[in-house]
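Each chain, letter by letter, is given below.
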Amino acid sequence: TIRPVRRSYYDPSSAPGKGVVWEWENDSGTWTPYDMDVGITIQRAYEKQHPWVDLSAIGFCYVIDFATMGQINRQTQRKRRVRRRLDMVYPLVTPALSSAGASGSPPGVGSGKASRPGLGTLNRSHLQRLAIAQSRVLIASGVPTVPVKNLTGSSPVNPALAGITGILMSAAGLPVCLTRPPKLVLHPPPVSKSEIQSIPGISHSCRKTTKKQAKKGKTPEEVLKKYLQKVRHPPDEDCTICMERLSAPSGYKGPQPAVKPDLVGKLVKCSHVFHLHCLVAMYNNGNKDGSLQCPTCKTIYGVKTGTQPPGKMEYHIIPHALPGHADCKTIRIIYNIPPGVQGPEHPNPGKSFTARGFPRHCYLPDSEKGRKVLKLLLVAWDRRLIFAIGTSSTTGESDTVIWNEIHHKTEFGSNLTGHGYPDINYLDNVLAELAAQGITEESLAQEKD
(Lines give C-alpha, C1' and ligand atoms only; values in the text may rest on other atoms or scores of the structure.)
Protein backbone atom coordinates (compact mmCIF):
# COMPACT_ATOMS: atom_id res chain seq x y z
CA THR A 1 0.00 0.00 0.00
CA ILE A 2 1.34 3.41 -0.97
CA ARG A 3 0.24 6.44 1.06
CA PRO A 4 1.24 10.10 0.66
CA VAL A 5 3.45 11.70 3.32
CA ARG A 6 4.15 15.33 4.08
CA ARG A 7 6.53 17.45 6.14
CA SER A 8 5.27 20.33 8.30
CA TYR A 9 7.10 23.37 9.67
CA TYR A 10 5.76 25.20 12.72
CA ASP A 11 6.13 28.80 13.79
CA PRO A 12 8.81 29.32 16.48
CA SER A 13 6.13 30.90 18.72
CA SER A 14 3.91 27.79 18.56
CA ALA A 15 3.97 24.90 21.02
CA PRO A 16 6.36 22.71 18.96
CA GLY A 17 8.53 25.72 18.19
CA LYS A 18 8.98 26.30 21.92
CA GLY A 19 9.57 22.63 22.68
CA VAL A 20 6.19 22.27 24.45
CA VAL A 21 4.23 19.02 24.22
CA TRP A 22 0.87 18.22 25.85
CA GLU A 23 0.14 14.61 26.85
CA TRP A 24 -2.77 12.61 28.29
CA GLU A 25 -2.55 9.62 30.63
CA ASN A 26 -3.75 6.41 29.01
CA ASP A 27 -5.29 3.35 30.67
CA SER A 28 -1.91 1.76 31.37
CA GLY A 29 -0.72 4.80 33.34
CA THR A 30 1.75 5.94 30.67
CA TRP A 31 1.57 9.21 28.73
CA THR A 32 0.47 9.72 25.13
CA PRO A 33 1.16 12.99 23.26
CA TYR A 34 -1.73 14.83 21.64
CA ASP A 35 -1.66 15.34 17.89
CA MET A 36 0.41 18.41 17.03
CA ASP A 37 -2.59 20.57 16.03
CA VAL A 38 -4.44 19.66 19.24
CA GLY A 39 -1.37 20.45 21.33
CA ILE A 40 -1.05 23.84 19.62
CA THR A 41 -4.70 24.63 20.41
CA ILE A 42 -4.27 23.64 24.08
CA GLN A 43 -1.03 25.63 24.43
CA ARG A 44 -2.60 28.73 22.88
CA ALA A 45 -5.42 28.69 25.45
CA TYR A 46 -2.92 27.98 28.25
CA GLU A 47 -0.77 30.97 27.29
CA LYS A 48 -3.84 33.23 27.25
CA GLN A 49 -4.52 32.06 30.84
CA HIS A 50 -7.94 30.64 29.98
CA PRO A 51 -9.30 28.44 32.81
CA TRP A 52 -10.19 25.71 30.28
CA VAL A 53 -10.42 24.98 26.56
CA ASP A 54 -13.18 23.13 24.70
CA LEU A 55 -11.77 20.95 21.88
CA SER A 56 -15.15 20.37 20.18
CA ALA A 57 -14.32 23.18 17.73
CA ILE A 58 -11.57 20.99 16.25
CA GLY A 59 -13.60 17.78 16.27
CA PHE A 60 -12.92 16.27 19.73
CA CYS A 61 -15.54 15.92 22.51
CA TYR A 62 -13.12 16.85 25.31
CA VAL A 63 -12.59 19.79 27.65
CA ILE A 64 -9.13 20.49 29.10
CA ASP A 65 -9.32 21.97 32.62
CA PHE A 66 -6.09 23.80 33.40
CA ALA A 67 -6.94 24.21 37.10
CA THR A 68 -6.97 20.44 37.68
CA MET A 69 -4.81 19.55 34.64
CA GLY A 70 -7.50 17.10 33.54
CA GLN A 71 -9.21 16.02 30.32
CA ILE A 72 -12.99 15.58 30.62
CA ASN A 73 -15.04 13.59 28.10
CA ARG A 74 -18.14 15.71 27.42
CA GLN A 75 -20.30 12.64 26.78
CA THR A 76 -19.25 10.21 29.53
CA GLN A 77 -17.74 12.75 32.00
CA ARG A 78 -14.73 10.45 32.33
CA LYS A 79 -11.61 12.30 33.50
CA ARG A 80 -7.96 11.71 32.63
CA ARG A 81 -4.85 13.53 33.75
CA VAL A 82 -2.94 15.75 31.32
CA ARG A 83 0.51 17.25 31.59
CA ARG A 84 2.66 19.87 29.86
CA ARG A 85 6.27 19.00 29.03
CA LEU A 86 9.02 21.37 27.99
CA ASP A 87 11.70 18.96 26.78
CA MET A 88 10.55 18.18 23.24
CA VAL A 89 13.30 18.57 20.65
CA TYR A 90 12.25 20.79 17.72
CA PRO A 91 13.72 21.16 15.17
CA LEU A 92 14.95 17.56 15.30
CA VAL A 93 18.54 18.65 14.44
CA THR A 94 20.08 21.35 16.61
CA PRO A 95 21.94 24.39 15.16
CA ALA A 96 25.53 23.88 14.01
CA LEU A 97 28.20 23.77 16.70
CA SER A 98 31.03 26.17 15.91
CA SER A 99 34.60 24.87 16.18
CA ALA A 100 36.95 26.05 18.92
CA GLY A 101 38.01 29.64 18.38
CA ALA A 102 35.67 30.16 15.45
CA SER A 103 33.42 33.18 15.35
CA GLY A 104 30.55 34.28 13.16
CA SER A 105 26.83 34.93 12.93
CA PRO A 106 24.13 32.49 13.97
CA PRO A 107 22.87 30.23 11.18
CA GLY A 108 20.53 31.93 8.75
CA VAL A 109 21.59 35.51 9.57
CA GLY A 110 21.93 37.53 6.38
CA SER A 111 19.83 35.21 4.26
CA GLY A 112 16.62 35.78 6.23
CA LYS A 113 16.03 32.00 6.46
CA ALA A 114 16.79 29.49 9.17
CA SER A 115 19.12 26.75 7.93
CA ARG A 116 19.89 23.23 9.12
CA PRO A 117 23.58 22.41 9.52
CA GLY A 118 25.47 19.94 7.41
CA LEU A 119 26.55 16.76 9.18
CA GLY A 120 30.12 17.64 8.39
CA THR A 121 30.04 20.50 10.90
CA LEU A 122 29.44 18.04 13.79
CA ASN A 123 32.38 16.06 15.18
CA ARG A 124 32.11 12.48 16.45
CA SER A 125 31.43 13.29 20.09
CA HIS A 126 28.79 15.88 19.16
CA LEU A 127 27.03 13.36 16.90
CA GLN A 128 26.95 10.77 19.66
CA ARG A 129 25.65 13.19 22.30
CA LEU A 130 22.96 14.53 19.96
CA ALA A 131 21.78 11.02 19.01
CA ILE A 132 21.57 9.93 22.66
CA ALA A 133 19.67 13.09 23.66
CA GLN A 134 17.26 12.65 20.76
CA SER A 135 16.69 8.98 21.65
CA ARG A 136 15.95 9.77 25.30
CA VAL A 137 13.32 12.35 24.37
CA LEU A 138 11.62 9.98 21.92
CA ILE A 139 11.62 7.10 24.40
CA ALA A 140 10.06 9.33 27.07
CA SER A 141 7.37 10.53 24.64
CA GLY A 142 6.32 7.00 23.71
CA VAL A 143 7.39 7.10 20.05
CA PRO A 144 7.62 3.60 18.52
CA THR A 145 11.26 2.55 18.47
CA VAL A 146 13.58 1.30 15.76
CA PRO A 147 15.93 -1.52 16.85
CA VAL A 148 19.65 -1.01 16.19
CA LYS A 149 21.80 -4.04 16.98
CA ASN A 150 25.37 -4.17 18.30
CA LEU A 151 25.30 -0.93 20.25
CA THR A 152 27.66 -2.21 22.92
CA GLY A 153 31.12 -3.70 22.76
CA SER A 154 33.76 -3.32 20.06
CA SER A 155 31.46 -4.13 17.15
CA PRO A 156 31.99 -2.22 13.87
CA VAL A 157 28.55 -0.63 14.42
CA ASN A 158 29.56 1.52 17.37
CA PRO A 159 27.44 4.13 19.19
CA ALA A 160 28.78 7.03 17.12
CA LEU A 161 27.82 5.36 13.84
CA ALA A 162 24.44 4.40 15.24
CA GLY A 163 24.06 8.03 16.33
CA ILE A 164 24.71 9.19 12.77
CA THR A 165 21.97 6.80 11.61
CA GLY A 166 19.60 8.36 14.12
CA ILE A 167 20.43 11.89 12.98
CA LEU A 168 19.96 11.02 9.31
CA MET A 169 16.54 9.50 10.02
CA SER A 170 15.55 12.46 12.20
CA ALA A 171 16.63 14.92 9.52
CA ALA A 172 14.34 13.07 7.13
CA GLY A 173 11.44 13.50 9.56
CA LEU A 174 11.50 9.87 10.79
CA PRO A 175 11.27 9.33 14.58
CA VAL A 176 14.03 7.02 15.79
CA CYS A 177 15.52 5.95 19.07
CA LEU A 178 18.37 3.55 19.55
CA THR A 179 16.82 0.78 21.59
CA ARG A 180 15.12 -2.55 21.19
CA PRO A 181 11.31 -2.29 21.00
CA PRO A 182 9.09 -4.33 23.30
CA LYS A 183 7.01 -6.94 21.52
CA LEU A 184 3.36 -6.29 20.71
CA VAL A 185 1.19 -9.31 21.61
CA LEU A 186 -2.30 -8.85 20.15
CA HIS A 187 -3.54 -12.43 20.32
CA PRO A 188 -3.21 -15.41 22.71
CA PRO A 189 -1.45 -18.64 21.75
CA PRO A 190 -3.51 -20.92 19.45
CA VAL A 191 -6.53 -22.49 21.15
CA SER A 192 -8.21 -25.69 19.95
CA LYS A 193 -12.00 -26.08 19.91
CA SER A 194 -11.80 -28.62 22.70
CA GLU A 195 -10.09 -26.06 24.98
CA ILE A 196 -12.82 -23.44 24.54
CA GLN A 197 -15.36 -23.40 27.40
CA SER A 198 -18.73 -21.77 27.88
CA ILE A 199 -19.07 -19.19 30.63
CA PRO A 200 -20.84 -20.37 33.81
CA GLY A 201 -23.95 -18.36 34.59
CA ILE A 202 -24.31 -17.04 31.04
CA SER A 203 -26.52 -18.90 28.61
CA HIS A 204 -25.45 -19.49 25.03
CA SER A 205 -22.13 -18.34 23.54
CA CYS A 206 -23.35 -16.12 20.73
CA ARG A 207 -25.66 -13.12 20.43
CA LYS A 208 -26.94 -11.60 17.18
CA THR A 209 -28.59 -8.24 16.59
CA THR A 210 -30.80 -7.05 13.81
CA LYS A 211 -32.13 -3.62 13.02
CA LYS A 212 -34.64 -2.61 15.67
CA GLN A 213 -37.13 0.03 14.72
CA ALA A 214 -37.80 2.87 17.11
CA LYS A 215 -40.81 2.46 19.34
CA LYS A 216 -43.99 3.75 17.75
CA GLY A 217 -47.39 4.78 19.01
CA LYS A 218 -46.34 7.65 21.28
CA THR A 219 -45.74 11.23 20.27
CA PRO A 220 -42.65 13.08 21.58
CA GLU A 221 -44.93 15.11 23.84
CA GLU A 222 -46.34 11.91 25.39
CA VAL A 223 -42.83 10.53 25.96
CA LEU A 224 -41.54 13.71 27.62
CA LYS A 225 -44.61 14.00 29.81
CA LYS A 226 -43.39 10.95 31.79
CA TYR A 227 -40.08 12.63 32.66
CA LEU A 228 -41.08 16.28 33.18
CA GLN A 229 -42.83 18.62 35.57
CA LYS A 230 -44.18 21.90 34.22
CA VAL A 231 -42.60 25.05 35.65
CA ARG A 232 -44.93 28.02 36.02
CA HIS A 233 -42.29 30.49 37.15
CA PRO A 234 -39.06 29.83 35.20
CA PRO A 235 -35.76 30.63 36.98
CA ASP A 236 -33.68 33.54 35.77
CA GLU A 237 -31.22 31.47 33.75
CA ASP A 238 -30.54 30.25 30.22
CA CYS A 239 -31.95 27.17 28.53
CA THR A 240 -28.76 25.23 27.77
CA ILE A 241 -30.23 23.91 24.51
CA CYS A 242 -31.15 27.17 22.73
CA MET A 243 -29.17 29.50 25.08
CA GLU A 244 -32.13 31.90 25.39
CA ARG A 245 -33.50 32.95 28.77
CA LEU A 246 -36.05 30.53 30.17
CA SER A 247 -38.35 33.48 30.83
CA ALA A 248 -38.39 34.18 27.07
CA PRO A 249 -39.69 31.95 24.25
CA SER A 250 -37.46 29.17 22.91
CA GLY A 251 -34.84 30.21 20.39
CA TYR A 252 -35.00 26.94 18.42
CA LYS A 253 -35.28 27.78 14.69
CA GLY A 254 -35.69 24.32 13.14
CA PRO A 255 -38.90 22.43 12.34
CA GLN A 256 -41.42 23.64 14.88
CA PRO A 257 -42.79 21.05 17.36
CA ALA A 258 -46.45 21.12 18.37
CA VAL A 259 -45.58 22.76 21.70
CA LYS A 260 -45.83 26.40 22.68
CA PRO A 261 -42.31 27.96 22.60
CA ASP A 262 -42.70 29.65 26.00
CA LEU A 263 -43.53 26.52 28.05
CA VAL A 264 -40.83 25.39 30.49
CA GLY A 265 -40.34 21.98 32.15
CA LYS A 266 -38.09 20.43 34.83
CA LEU A 267 -36.68 16.90 34.54
CA VAL A 268 -37.83 14.93 37.59
CA LYS A 269 -34.55 13.14 38.47
CA CYS A 270 -31.89 15.80 37.95
CA SER A 271 -34.11 18.93 38.23
CA HIS A 272 -32.53 20.66 35.21
CA VAL A 273 -34.90 23.09 33.49
CA PHE A 274 -35.44 23.60 29.73
CA HIS A 275 -37.94 24.92 27.22
CA LEU A 276 -40.38 22.10 26.36
CA HIS A 277 -40.08 23.27 22.76
CA CYS A 278 -36.30 22.61 22.85
CA LEU A 279 -36.65 19.18 24.50
CA VAL A 280 -39.17 18.01 21.91
CA ALA A 281 -36.89 19.21 19.10
CA MET A 282 -33.92 17.40 20.71
CA TYR A 283 -35.96 14.20 21.02
CA ASN A 284 -37.06 14.40 17.36
CA ASN A 285 -33.42 14.77 16.28
CA GLY A 286 -32.35 11.67 18.24
CA ASN A 287 -33.09 7.96 18.13
CA LYS A 288 -36.76 8.46 19.13
CA ASP A 289 -36.71 5.26 21.16
CA GLY A 290 -38.80 6.44 24.12
CA SER A 291 -35.76 7.52 26.18
CA LEU A 292 -34.34 10.94 26.95
CA GLN A 293 -30.89 12.05 28.12
CA CYS A 294 -30.43 15.32 29.98
CA PRO A 295 -28.15 17.51 27.82
CA THR A 296 -26.62 19.07 30.95
CA CYS A 297 -25.75 16.16 33.25
CA LYS A 298 -26.37 13.14 30.92
CA THR A 299 -28.92 11.53 33.29
CA ILE A 300 -30.87 8.95 31.29
CA TYR A 301 -34.66 8.66 31.44
CA GLY A 302 -36.12 5.41 30.14
CA VAL A 303 -34.02 2.80 28.30
CA LYS A 304 -31.41 4.28 25.98
CA THR A 305 -30.72 2.44 22.73
CA GLY A 306 -28.24 3.12 19.96
CA THR A 307 -27.83 2.72 16.21
CA GLN A 308 -25.36 -0.17 16.04
CA PRO A 309 -25.65 -2.00 12.69
CA PRO A 310 -26.52 -5.73 12.58
CA GLY A 311 -23.83 -8.20 13.60
CA LYS A 312 -22.77 -11.03 15.88
CA MET A 313 -21.10 -11.18 19.33
CA GLU A 314 -19.41 -14.42 20.45
CA TYR A 315 -17.97 -15.04 23.94
CA HIS A 316 -16.22 -17.95 25.65
CA ILE A 317 -13.35 -18.87 27.98
CA ILE A 318 -9.85 -19.68 26.74
CA PRO A 319 -7.18 -21.39 28.90
CA HIS A 320 -4.68 -18.53 29.02
CA ALA A 321 -4.16 -15.80 31.61
CA LEU A 322 -3.94 -12.07 30.94
CA PRO A 323 -0.99 -10.06 32.29
CA GLY A 324 -1.97 -8.91 35.78
CA HIS A 325 -4.59 -11.69 36.11
CA ALA A 326 -2.46 -14.81 36.51
CA ASP A 327 -5.00 -16.38 38.87
CA CYS A 328 -7.74 -16.87 36.27
CA LYS A 329 -8.39 -17.75 32.65
CA THR A 330 -9.56 -15.29 30.00
CA ILE A 331 -12.92 -14.37 28.50
CA ARG A 332 -12.57 -13.78 24.77
CA ILE A 333 -15.20 -11.70 22.96
CA ILE A 334 -15.37 -11.72 19.16
CA TYR A 335 -17.40 -9.00 17.43
CA ASN A 336 -18.26 -9.36 13.76
CA ILE A 337 -20.17 -6.70 11.84
CA PRO A 338 -20.33 -6.84 8.01
CA PRO A 339 -20.46 -3.74 5.78
CA GLY A 340 -23.89 -2.68 4.60
CA VAL A 341 -26.25 0.20 3.87
CA GLN A 342 -27.15 2.85 6.42
CA GLY A 343 -30.69 2.92 7.75
CA PRO A 344 -32.90 5.91 8.61
CA GLU A 345 -31.32 6.16 12.10
CA HIS A 346 -27.78 6.56 10.72
CA PRO A 347 -25.89 9.72 9.61
CA ASN A 348 -26.38 9.17 5.85
CA PRO A 349 -29.43 6.96 5.18
CA GLY A 350 -29.18 4.89 2.01
CA LYS A 351 -25.40 5.29 1.76
CA SER A 352 -23.11 2.27 2.17
CA PHE A 353 -20.87 1.95 5.22
CA THR A 354 -17.60 0.08 5.73
CA ALA A 355 -16.65 -2.22 8.61
CA ARG A 356 -12.86 -2.27 9.06
CA GLY A 357 -10.92 -4.62 11.33
CA PHE A 358 -13.62 -7.24 11.87
CA PRO A 359 -13.75 -9.72 13.45
CA ARG A 360 -12.48 -7.77 16.47
CA HIS A 361 -11.12 -9.81 19.38
CA CYS A 362 -11.43 -8.40 22.91
CA TYR A 363 -10.39 -9.77 26.30
CA LEU A 364 -11.60 -9.78 29.91
CA PRO A 365 -10.27 -11.68 32.93
CA ASP A 366 -12.50 -14.63 33.86
CA SER A 367 -13.00 -13.24 37.36
CA GLU A 368 -16.17 -12.27 39.22
CA LYS A 369 -15.85 -8.66 38.09
CA GLY A 370 -14.86 -9.70 34.56
CA ARG A 371 -18.04 -11.79 34.23
CA LYS A 372 -20.08 -8.87 35.57
CA VAL A 373 -18.62 -6.64 32.84
CA LEU A 374 -19.44 -9.28 30.21
CA LYS A 375 -23.08 -9.49 31.34
CA LEU A 376 -23.40 -5.72 31.07
CA LEU A 377 -21.68 -5.71 27.67
CA LEU A 378 -24.32 -8.20 26.51
CA VAL A 379 -27.00 -5.71 27.57
CA ALA A 380 -25.14 -2.95 25.71
CA TRP A 381 -24.97 -5.19 22.62
CA ASP A 382 -28.70 -5.91 22.74
CA ARG A 383 -29.38 -2.17 23.07
CA ARG A 384 -27.09 -1.47 20.07
CA LEU A 385 -24.71 0.73 22.10
CA ILE A 386 -21.28 -0.84 21.55
CA PHE A 387 -20.74 0.33 17.97
CA ALA A 388 -22.05 3.17 15.82
CA ILE A 389 -21.53 4.51 12.31
CA GLY A 390 -19.45 7.65 12.06
CA THR A 391 -15.95 8.98 11.33
CA SER A 392 -12.95 6.98 12.55
CA SER A 393 -10.70 8.98 14.90
CA THR A 394 -7.82 6.69 13.85
CA THR A 395 -8.01 6.80 10.05
CA GLY A 396 -10.35 9.74 9.42
CA GLU A 397 -12.59 7.54 7.27
CA SER A 398 -16.26 8.53 7.34
CA ASP A 399 -19.31 6.27 7.10
CA THR A 400 -17.57 3.40 8.87
CA VAL A 401 -18.26 1.31 11.99
CA ILE A 402 -16.62 2.85 15.08
CA TRP A 403 -16.50 2.15 18.83
CA ASN A 404 -19.19 3.98 20.81
CA GLU A 405 -17.60 5.26 24.05
CA ILE A 406 -17.31 1.84 25.73
CA HIS A 407 -13.61 0.95 25.75
CA HIS A 408 -12.49 -2.62 25.03
CA LYS A 409 -9.13 -4.33 25.46
CA THR A 410 -7.99 -5.64 22.07
CA GLU A 411 -4.36 -6.36 23.03
CA PHE A 412 -3.95 -9.73 24.78
CA GLY A 413 -0.41 -10.06 26.09
CA SER A 414 0.98 -6.51 26.26
CA ASN A 415 -0.17 -2.92 26.73
CA LEU A 416 1.87 -0.93 24.23
CA THR A 417 -1.17 0.76 22.69
CA GLY A 418 -3.08 1.41 25.92
CA HIS A 419 -5.65 -1.18 24.83
CA GLY A 420 -4.14 -4.16 26.67
CA TYR A 421 -3.10 -5.57 30.04
CA PRO A 422 -2.01 -5.11 32.77
CA ASP A 423 -4.40 -2.27 33.60
CA ILE A 424 -5.62 -2.31 37.19
CA ASN A 425 -8.27 0.37 36.56
CA TYR A 426 -9.81 -1.00 33.38
CA LEU A 427 -12.74 -2.98 34.82
CA ASP A 428 -13.81 -0.06 37.02
CA ASN A 429 -13.44 2.36 34.12
CA VAL A 430 -15.55 0.28 31.74
CA LEU A 431 -18.23 -0.16 34.42
CA ALA A 432 -18.37 3.65 34.68
CA GLU A 433 -18.63 3.96 30.89
CA LEU A 434 -21.47 1.42 30.82
CA ALA A 435 -23.24 3.33 33.59
CA ALA A 436 -22.92 6.51 31.50
CA GLN A 437 -24.92 4.67 28.82
CA GLY A 438 -27.58 3.74 31.40
CA ILE A 439 -26.36 0.16 31.87
CA THR A 440 -25.95 -0.97 35.48
CA GLU A 441 -26.79 -4.07 37.54
CA GLU A 442 -30.40 -2.86 37.57
CA SER A 443 -30.35 -3.26 33.78
CA LEU A 444 -29.77 -7.00 34.17
CA ALA A 445 -33.02 -7.31 36.12
CA GLN A 446 -34.82 -5.18 33.50
CA GLU A 447 -33.61 -7.46 30.71
CA LYS A 448 -34.93 -10.54 32.56
CA ASP A 449 -38.30 -8.84 32.97
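Scroll up for the structure.
This section reports on the structure supplied with the text. Just so it is clear, the model here is predicted, and its values are computed rather than measured.

About the thresholds
Residues numbered from 1 in each chain as written. Predicted model: local features only at pLDDT ≥ 70, side-chain atom pairs only at ≥ 80, totals over all residues. Heavy atoms only, no water. Helix = DSSP H or I, 4+ residues; strand = E, 2+ residues; numbered from the N terminus. Expected span 1.5 Å × (residues − 1). Buried < 20%, exposed > 50% of the residue type's maximum accessible area, 1.4 Å probe, protein only. Salt bridge = Lys/Arg side-chain N within 4 Å of Asp/Glu carboxyl O. Pairing = 2+ DSSP bridges. Patch = residues over 30% accessible without salt bridge, like charges linked within 9 Å, V, L, I, M, F, W, Y side chains within 5 Å. Areas by Shrake-Rupley, 256 points an atom, 1.4 Å probe, with all protein chains shown as cover.

**What to know about helix H6 (residues 368-382)**
And then number 1: With 15 residues, H6 extends 22 Å between its outermost C-alpha atoms, agreeing within 8% with the 21 Å of an ideal straight helix rising 1.5 Å per residue.
And then number 2: Inspection of H6 places Gly370, Val373, Leu374, Leu376, Leu377, Leu378, Val379, Ala380, Trp381 and Asp382 among the buried residues, and these make up the whole buried set.
And then number 3: Remark: Arg384 follows H6 within two positions and exhibits a positive phi of approximately 60°.

**Section: the environment of Ser198**
And then number 1: Along the polypeptide, Ser198 turns up in the loop between helix H3 (159-171) and strand E7 (206-209).
And then number 2: On the accessibility criterion, Ser198 (54% relative accessible area) is exposed.
And then number 3: C-alpha of Ser198 to C-alpha of Ile317: the two residues are 119 residues apart in sequence and 6.1 Å apart in space.

**What to know about the pattern of salt bridges**
And then number 1: This model, assessed by the stated rule, comprises 18 salt bridges.
And then number 2: Here Lys409 ties to Asp423 by a salt bridge, and the two come within 2.8 Å at their closest N and O atoms. One end of the pair, Lys409, is in the loop between strand E19 (400-403) and helix H7 (426-436); the other, Asp423, is in the loop between E19 and H7, and 14 residues separate them in sequence.
And then number 3: Taken together, the salt bridges that share partners define one network made up of Asp27, Arg78, Arg80, Lys409, Asp423 and Glu433.

**Focus: the pairing of strand E4 (residues 62-65)**
And then number 1: Looking at chain direction, strand E3 (residues 52-54) and E4 are connected through three bridges and run antiparallel. Across the sheet, the residue bridging to Val53 is Ile64, located in E4.
And then number 2: By the bridge criterion, four bridges tie E4 to strand E5 (residues 70-73) in an arrangement that is antiparallel. Bridge pairing in E5 places Asp65 opposite Gly70.
And then number 3: If you look at the hairpin formed by E4 and E5, you'll find four residues sitting between the two strands, and Met69 has a positive phi there, around 50°.

**Some points on a nonpolar patch on the surface**
And then number 1: A contiguous nonpolar patch, built from Leu184, Leu186 and Leu416 and spanning about 250 Å² of accessible area, is present on the exposed surface.
And then number 2: With respect to the helices and strands, Leu416 occurs in the loop between E19 and H7.
And then number 3: The class for Leu416 is partly exposed, based on a relative accessible area of 43%.

**A few points about the pairing of strand E13 (residues 311-318)**
And then number 1: In terms of residue burial, E13 counts as a mostly covered element, since six of its eight residues are buried.
And then number 2: Alignment of E7 against E13, held across four bridges, turns out to be antiparallel. Each bridged residue has a counterpart across the sheet, and for Cys206 the counterpart in E13 is Glu314.
And then number 3: Looking at chain direction, E13 and strand E14 (residues 330-336) are connected through seven bridges and run antiparallel. Paired with Tyr315 across the two strands is Ile333, which belongs to E14.

The values are spatial; any link to function lies outside them.
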